[in-house]
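In case you want the letters, here they are:
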Amino acid sequence: MTSQDQNSGFRSDDNGQSSFLGKLLTIDSKLGNQDVEGLKFLCRDCISHRQLEKSSSASDIFDHLLEEELLSEEDPFFLAELLYIIKQKSLLRYLNQSKEQVESLLPTRGRVSLFRNLLYELSESIGSENLKDMIFLLRESIPKIQMTSLGFLAYLEKQGLIDEDNLRLLEDLCRRVVPNLMRKIEKYKREKASQVVTPPVDREPESLHQRKEEPFSRSDIEELLEALPALPASVYRMDRKHRGHCVVVNNHKFTSMSDRPGTDKDAEHLRHVFEWLGFSVRVYDNVTKGHLDNVLQEYKCHPGHSDGDCFVFCVLTHGKFGAVYSSDGTLVPIQEIMSHFTAQQCPGLAHKPKLFFIQACQGEEIQPPVFIEADAVNPERVPPSLQDSIPDEADFLLGLATVPGYVSFRHVEKGSWYIQSLCNHLKSLVPRNEDILSILTAVNNDVSQQADREGTKKQMPQPAFTLRKKLVFPVPQEKL
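Bear in mind that the values here come from a model prediction, so they are computed numbers and not experimental data.

Calculation notes
- Residues numbered from 1 in each chain as written.
- Predicted model: local features only at pLDDT ≥ 70, side-chain atom pairs only at ≥ 80, totals over all residues.
- Heavy atoms only, no water.
- Helix = DSSP H or I, 4+ residues; strand = E, 2+ residues; numbered from the N terminus.
- Buried < 20%, exposed > 50% of the residue type's maximum accessible area, 1.4 Å probe, protein only.
- Polar contact = N/O pair within 3.5 Å; in protein donor to acceptor, adjacent residues only side chain to side chain.
- Contact = heavy atoms within 4.5 Å.
- Axes fitted to C-alpha atoms, helices over the stretch in contact; angles between N-to-C directions.
- Parallel < 35°, antiparallel > 145°, perpendicular 65-115°, else oblique.
- Left-handed = near helix turned anticlockwise from the far one by under 90°.
- Nonpolar A, V, L, I, M, F, W, Y, C, P; charged D, E, K, R; others polar.
- Arc of directions from axis to C-beta.
- Core = buried A, V, L, I, M, F, W, Y, C linked by side-chain atoms within 4.5 Å.
- Domains from an automatic or database assignment.
- Salt bridge = Lys/Arg side-chain N within 4 Å of Asp/Glu carboxyl O.

**Student:** Mind showing me how you'd approach the environment of glutamate 74 here?
**Tutor:** Inspection of the secondary structure puts glutamate 74 in the loop between helix H4 (58-67) and helix H5 (77-85). Of the residues examined, glutamate 74 reaches a relative accessible area of 69% and is grouped as exposed. Considered as a pair, glutamate 74 and phenylalanine 20 are 54 residues apart in the sequence and their alpha carbons are 9.8 Å apart.

**Student:** I keep staring at the side chain of aspartate 395 and nothing clicks. Help me out?
**Tutor:** The topology assignment puts aspartate 395 in the loop between strand E7 (363-365) and strand E8 (396-400). According to the relative accessible area criterion, aspartate 395 is buried, its value standing at 3%. In this structure the side chain of aspartate 395 is engaged in a polar contact, spanning 2.9 Å, whose partner is the side chain of arginine 468. Beyond its immediate chain neighbours, meaning those up to four positions away, aspartate 395 contacts Tyr236, His351, Lys352, Pro353, Lys354, Thr466, Leu467 and Arg468.

**Student:** For this particular structure, what's the right way to read the packing of helix H17 (residues 417-429) against helix H18 (residues 436-448)?
**Tutor:** In a packed pair of helices, the relevant descriptors are the angle between the two axes and the axis-to-axis distance. In contact at an axis separation of 9 Å, H17 and H18 are set at 135 degrees when each is read in the N-to-C sense. Here H18 runs oblique to H17, going by the angle between their axes. Pair H17 / H18 crosses with right-handed handedness. Residues Trp417, Tyr418, Ser421, Leu422, His425, Leu426 and Leu429 of H17 touch H18, and the partners they reach there are Ile436, Ile439, Leu440, Ala442, Val443, Asp446 and Val447. Broken down by class, the residue content of the contact of H17 with H18 amounts to 11 nonpolar, 2 polar and 1 charged.

**Student:** Explain helix H10 (residues 168-177) here, please?
**Tutor:** At 3.6 residues per turn, the α-helix brings residues three or four places apart onto the same side. Turning to H10, its buried residues are Leu170, Glu171, Leu173, Cys174 and Val177. For H10, the buried positions fall inside an angular range of 165 degrees around the axis, keeping them on one side.

**Student:** What exactly am I supposed to notice about the nonpolar core here?
**Tutor:** Taken as a class, soluble globular proteins show a tendency for nonpolar side chains to be buried jointly. Residues Leu24, Ile27 and Phe152 are the most contacted members of the largest nonpolar core, which totals 62 residues. For this core, the element with the highest residue contribution is H5, accounting for 8 residues. Composition of this core by domain shows at least three residues from each of domain 1 (20-112) and domain 2 (117-193). Apart from the residues within four sequence positions on either side, phenylalanine 152 is in contact with Leu131, Met134, Ile135, Leu138, Ile142, Met147 and Leu173.

**Student:** What should I look at first to understand the side chain of histidine 305 in this one?
**Tutor:** Tracing the backbone shows histidine 305 in the loop between helix H15 (289-300) and strand E3 (308-316). A relative accessible area of 3% means that histidine 305 is categorised as buried. With residues up to four places along the chain from it excluded, the contact list for histidine 305 reads His245, Tyr299, Lys300, Phe311, Cys346, Gly348, Leu349 and Lys352.

**Student:** When you look at the environment of valine 283 in this model, what are you seeing that I'm missing?
**Tutor:** Tracing the backbone through its elements, the reader meets valine 283 in strand E2 (residues 280-285). Along the chain, valine 283 and glutamate 268 lie 15 residues apart, while their C-alpha atoms are 8.6 Å from each other. Excluding residues that lie within four positions of it along the chain, valine 283 makes contacts with Val248, Asn250, Ala267 and Arg271.

**Student:** Would you mind going over the pattern of salt bridges with me for this structure?
**Tutor:** Two side chains of opposite charge can pair, provided their charged atoms sit close to one another. Going through the model one piece at a time under the given rule, you end up with 21 salt bridges. For the salt bridge of arginine 175 with glutamate 171, the shortest nitrogen-to-oxygen distance reads 3.9 Å. With a gap of 4 residues between them, arginine 175 and glutamate 171 both fall in helix H10, about one helical turn apart. Arginine 175 gets classed as partly exposed once you look at its relative accessible area, which sits at 47%. Residue classification places glutamate 171 among the buried residues on the basis of a relative accessible area of 7%. Note that arginine 240 is salt-bridged to aspartate 309, the shortest N-O span being 3.4 Å. Of this pair, arginine 240 sits in the loop between helix H13 (218-227) and strand E1 (242-250) while aspartate 309 sits in strand E3; the two residues are 69 residues apart in sequence, bridging distant segments of the chain. Under the relative-accessibility criterion, aspartate 309 is labelled buried at 0%. A single network of salt bridges, built from pairs that share partners, joins Arg44, Asp45, Arg116 and Glu157.

In structure tokens:
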């Protein structure tokens, strides 16, 4: 958009305001696409992501800032700060500001966080070849779309792979690809640490300060912070007020399908083990689609999540191709169940591990033992990728009893192969401080070796996950 465009979202009530809006349009006309991308990124903490995605020009962003009362003719400093950061200092004159004035006010009036400033600075130093190398290193986690360096960092943040307190992944990428950027990250850490340990306080009379001797200098504090043993950033926190909630949907009887004898054994075993791990467990039997919706809504909005470490949701039922059946025969996509617990839908679980265990068939094929060769899996119908069931964000784990396209097996008295193995390995490996992925690997190995009496029916579980860290349950004090 240029200053000649008539389709502006700006509104004016008087000539003074009109003059100010005219200056904003002039600024807009002098900014390019890269500048607009930078403005959108720097405003992520004060303008909703949906509004930013719809913004195609600088004037769109200015309009949002005006609506949020973050920009006005009387106080244009936030825009001045943004222009200063994106190195468009020559445009400050349209706001009656100078580079020196902005620099002097930034320590007290700056709105852009240290973290966002860091990411923007890093993006300017990541060249196209560096960016290709970083994307290559994360090729399993990054969508195959064209990205700028700023878009790449924004994606890592959106997925929860980095945040202001967790730069482990970013540090690893910089060390491998652009080692000189580590200086910027270390500078950020020092500045953030000084903000934490020396918060602003009300001024007292100077004479009082003269009588007090500071116990630690700034350098003392920095050395102390470096010397403190920190919990590895690669392990999820497990020290909040309670472990979390565990929901078990146990469908035994159906209105139009066969019963599932043995499932109550699974439900009881799950309750026993997860209560032992410290969870508050609720078992819901023979759940209709309407009842399932109510349960999902209840736990999506549960106030207890904010003080919990983790969330577990188990479904024991019939299933088919990436979906599970309610007791009244409705096929519910697994993705629909999991989508209730994304960071946007359930803020109390943001950045916390969310585990989903599904004991249900995922097709009609039977896995043969290794001495029978099979070149195709249900050739008439290609099963969907398990990864498609997981929300496109971090901290989810989905454990399926079997790979898509195949059946899973359940003993009518002892329970299912998968759930019984999961519970047994949780009981034996949690006390050894094994993480959840190592435990599920052991479950895969165990279940894959089981077979029916004739040796013709086998099963292989499959996990998919977007976990960012290791999940290690604290060892319970009581023994099972």
